Amino acid sequence: MERTRPEPWRVKSVEPIRLVPRRDREAALQAAGHNVFRLRSEDVFVDLLTDSGTSAMSSSQWAGLQEGDEAYAGSRGWERLERVVRGVTGFPHVLPVHQGRGAETVYCRAFVEPGDVVLGNLHFDTTRAHIRNRGALPVDVVVDEGLDPDDPSPFKGNVDLARAERVVAEHPGRARLFVLTLTANTNGGQPVSLENVRAVSSFCRRHGIRLLIDAARFAENAFLVSEREDGQRGRLPADIALEAFSLADGAAMSAKKDGLVNVGGFLALREPEDLEACRPWAILYEGFVTYGGMAGRDLEAMARGLEEGLDPAYLVARIGQVRFLHGLLSDAGIPVLRPPGGHSVVVEAGRFLDHLPRELLPAESLAAALYLHAGVRAVGLGGLAFSEPDPETGEMRPGPWELLRLAVPRRVYTDNHLAYAAEAVAELWAKRAEIGGLRPIGPPTELPHFTATFEPA
Ligand code: F0G
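From a predicted model like this one, the values you see are computed outputs, not experimental measurements.

Among the seven residues of strand β5 (residues 175-181), six are classified as buried, and the element is accordingly described as predominantly covered. For strand β3 (residues 117-120) and β5, the ladder comprises four bridges, and the chain directions are parallel. Across the sheet, the residue bridging to Val118 is Leu177, located in β5. The sheet contact formed by β5 and strand β6 (residues 210-214) spans five bridges and is parallel.

With 61 residues, the main nonpolar core has Leu119, Phe178, Phe218, Phe245 and Leu306 as its most contacted residues. Considering every element that reaches this core, the biggest residue donor is helix α8 (residues 218-228), with six residues. If you count residues domain by domain, this core takes at least three from each of domain 1 (22-44 + 312-456) and domain 2 (59-308). Beyond its immediate chain neighbours, meaning those up to four positions away, Phe245 contacts Val88, Thr89, Phe91, Ile213, Ala215, Phe218, Ala251 and Arg270. With 56 residues, the next largest nonpolar core counts Ala28, Leu366, Ala385 and Val408 among its residues.

Next up on the list: the sheet that holds β6. Overall, mixed pairing links the seven strands, which are arranged β2-β8-β7-β6-β5-β3-β4 in an open sheet. Two strands lie at the open edges of the sheet, namely β2 (93-97) and β4 (137-140), each paired on one side alone. Mean inter-strand twist for the sheet, computed between neighbouring axes without regard to direction, equals 20 degrees. Sheet analysis places β3 next to β4, joined by four bridges and oriented parallel.

Considering the arrangement of structural elements, one finds Gln66 in helix α2 (residues 59-66). Sequence-wise, Gln66 and Arg297 are 231 residues apart; in three dimensions their C-alpha atoms are separated by 7.0 Å.

In the structure shown here, the tally under the stated rule is nine aromatic pairs. Where Phe218 meets Phe245, the ring centres are 5.5 Å apart and the plane angle is 50 degrees; that geometry is what we call tilted. Residue Phe218 is located in helix α8, and its partner Phe245 is located in helix α9 (residues 237-246); the two are separated by 27 residues in the primary sequence. Through pairs of rings, three or more aromatic residues link up here, namely Tyr72, Phe288 and Tyr291. The lysine or arginine in question, Arg210, covers the ring of Phe111, its NZ or CZ lying 3.8 Å from the ring centre. A cation sits over an aromatic face here: Arg432 above Trp429, 3.7 Å from the ring centre.

Between helix α6 (residues 161-170) and helix α7 (residues 194-207), whose axes approach to 11 Å, the crossing angle comes to 20 degrees. On the basis of their axis angle, the class for α6 and α7 is roughly parallel. Between α6 and α7 the crossing geometry is right-handed. For the pair α6 and α7, contact is made by Leu161, Ala164, Glu165 and Val168 and by Asn196, Ala199, Val200, Phe203, Arg206 and His207, respectively.

With that settled, consider the site of the ligand. In the vicinity of the ligand there are 16 residues, among which Thr50, Gln99, Asp214, Ser254 and Lys257 approach most closely. Asn185 has a polar side-chain atom sitting 2.7 Å from an oxygen atom of the ligand. Contacts to the ligand include Arg217, whose side-chain N or O atom sits 3.0 Å from an oxygen atom. Protein coverage of the free-state accessible area of the ligand, which is 470 Å², stands at 94%. Of the residues belonging to the shell around the ligand, the class tally is one nonpolar, eight polar and seven charged.

Okay, a nonpolar patch on the surface next. Among the surface-exposed residues, Trp9, Val11 and Val14 lie close enough to one another that they form a single nonpolar patch of about 310 Å² accessible area. Here Trp9 shows up in the segment before α1 (22-31). The exposure class of Trp9 is partly exposed, given its relative accessible area of 32%.

Further remarks concern α1. Taken together, the buried positions of α1 are Arg25, Ala28 and Leu29. Seen from one end, α1 has its buried residues packed into an arc of 95 degrees, which puts them on one side. Across α1 from its buried face, at more than 90 degrees, point the exposed residues Arg23, Gln30 and Ala31. Tucked inside the fold, the buried residues of α1 contact α14 (362-374). Downstream of α1 by a residue or two, Gly33 has a phi angle that is positive, lying close to 60 degrees.

The residue after Leu182, namely Thr183, is reached through a cis peptide bond having omega -15 degrees. Here Thr183 is to be found in the loop between β5 and α7. Put simply, Arg338 and Pro339 share a cis peptide bond, and its omega is -15 degrees. Here Pro339 lies in the loop between α12 (312-331) and β9 (344-348). In this structure, His34 takes a positive phi of about 60 degrees despite not being glycine. Tracing the chain through its elements places His34 in the loop between α1 and β1 (46-47).

A few words now on the domain arrangement of the protein. Examined at the domain level, the protein breaks down into domain 1 (22-44 + 312-456) and domain 2 (59-308). Between domain 1 and domain 2, the C-alpha centre-to-centre distance is 26 Å. The junction of domain 1 with domain 2 conceals about 2900 Å² of combined surface from both sides, 56% of it contributed by carbon and sulfur atoms. On the domain 1 side of the contact with domain 2, Phe386, Trp401 and Arg410 bury the most area, a combined 20% of that side's loss. Counting across the domain 1 and domain 2 interface gives six salt bridges. Here Arg411 and Glu308 are joined by a salt bridge, their closest N and O atoms 3.0 Å apart.

Thresholds, definitions, all that
- Residues numbered from 1 in each chain as written.
- Predicted model: local features only at pLDDT ≥ 70, side-chain atom pairs only at ≥ 80, totals over all residues.
- Heavy atoms only, no water.
- Buried < 20%, exposed > 50% of the residue type's maximum accessible area, 1.4 Å probe, protein only.
- Helix = DSSP H or I, 4+ residues; strand = E, 2+ residues; numbered from the N terminus.
- Pairing = 2+ DSSP bridges.
- Core = buried A, V, L, I, M, F, W, Y, C linked by side-chain atoms within 4.5 Å.
- Domains from an automatic or database assignment.
- Contact = heavy atoms within 4.5 Å.
- Axes fitted to C-alpha atoms, helices over the stretch in contact; angles between N-to-C directions.
- Phe/Tyr/Trp six-rings, centres within 6.5 Å; stacked < 30°, edge-to-face > 60°.
- Lys NZ or Arg CZ within 6 Å of the ring centre and 35° of its normal.
- Parallel < 35°, antiparallel > 145°, perpendicular 65-115°, else oblique.
- Left-handed = near helix turned anticlockwise from the far one by under 90°.
- Near = heavy atom within 4 Å.
- Polar contact = N/O pair within 3.5 Å; in protein donor to acceptor, adjacent residues only side chain to side chain.
- Areas by Shrake-Rupley, 256 points an atom, 1.4 Å probe, with all protein chains shown as cover.
- Nonpolar A, V, L, I, M, F, W, Y, C, P; charged D, E, K, R; others polar.
- Patch = residues over 30% accessible without salt bridge, like charges linked within 9 Å, V, L, I, M, F, W, Y side chains within 5 Å.
- Salt bridge = Lys/Arg side-chain N within 4 Å of Asp/Glu carboxyl O.
- Arc of directions from axis to C-beta.
- Buried area = accessible area lost by both parts, 1.4 Å probe.

Here you go:
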């Protein structure tokens, strides 16, 4: 039997949640156009839509809010945040941004030109959209195992270097940026090994490609490396993370994940020229360089959260809870991506609802069914979320997968909440043949999964 893993914190303040009756859930889903993104939080019982911006802050972070210095320029919170980001990443230059896509706006404006290809292990949806918005092409070069749901390999976020070489050869002079995402969000938070980061770094140096780390979940990546990688076992996550950053030219972070805050982010850079290239865009889009779209108190909370997010005792409990949910679903025979990753458990909606063709949106249909059944909100990441125009024909192509992601907010739910969610998924699995599909209403838009409405097919 596995050892019990008590969380290294106790609860000080609670927020009531309730399961609204089934007929109210039906009405809520109807009003939301069957898209769970459009539901009111009040109508949701256990919310596993995202791990982003949903963390519970610590008493120290709440105290930090009170100490926030709201000066427009040069606030105390900024000084502290800059010091912490430098310490955690080793990068000397820090630009605060209001969230991850603020960093994406800035670095894509500075480093991406129309016609470029931007390499990545598995670009997340907002990153892809930002790259395309600059007239460039996002290209994923993850290892084959990364896209194979059943492959038990420990580092399914790794880059296939041979594939990356081919992309560079096919687009001479057009590959100038590589975004390495730690951990890979799309396949359930699968980590990248430190050995692979080293290989990507030397590949990028050889080809004169700038390497940025998407650090949204860098601490979870480092923790998984400390568990799974030969030669790294038992090493402190903070040391592993620092080494990974030392191999790159910069990092973009949505602190709403491993930064344990409800809003915030940063762009950190090694070279003064890169800072010069980004700074004007940061000021234009995000605000002055000592607040970046945040209140002074947010900077303070983020500085504290970044340090707490690297605490090994916290990470043991955090990753342990995700693994607990994965175990419950896997034991119930539900098709989930293996092995468990960092922040979420991902159900293969295509296999779960194998009677539905992709036009009937298995991922979104399963998300709607789960909400209706138990008030649990997860997110469908399927053909719709990752649909993109074909570079040649311009026609919309669905992404590679139909997935339902149950993302686990940090320090928010107990194991009981997750067991409840797992039971609900298992009950749906038992009557999966009864679950119908959905059809989109209206024409497709950019990032359609956020706003689209559907009707039962
Ligand atoms: N990079 C990664 C790997 C992400 O997962 C996200 C957001 C972003 C960048 C953008 O950051 O939301 O702060 O602007 N992922 C969220 C999610 C939305 O639910 O996985 P943001």
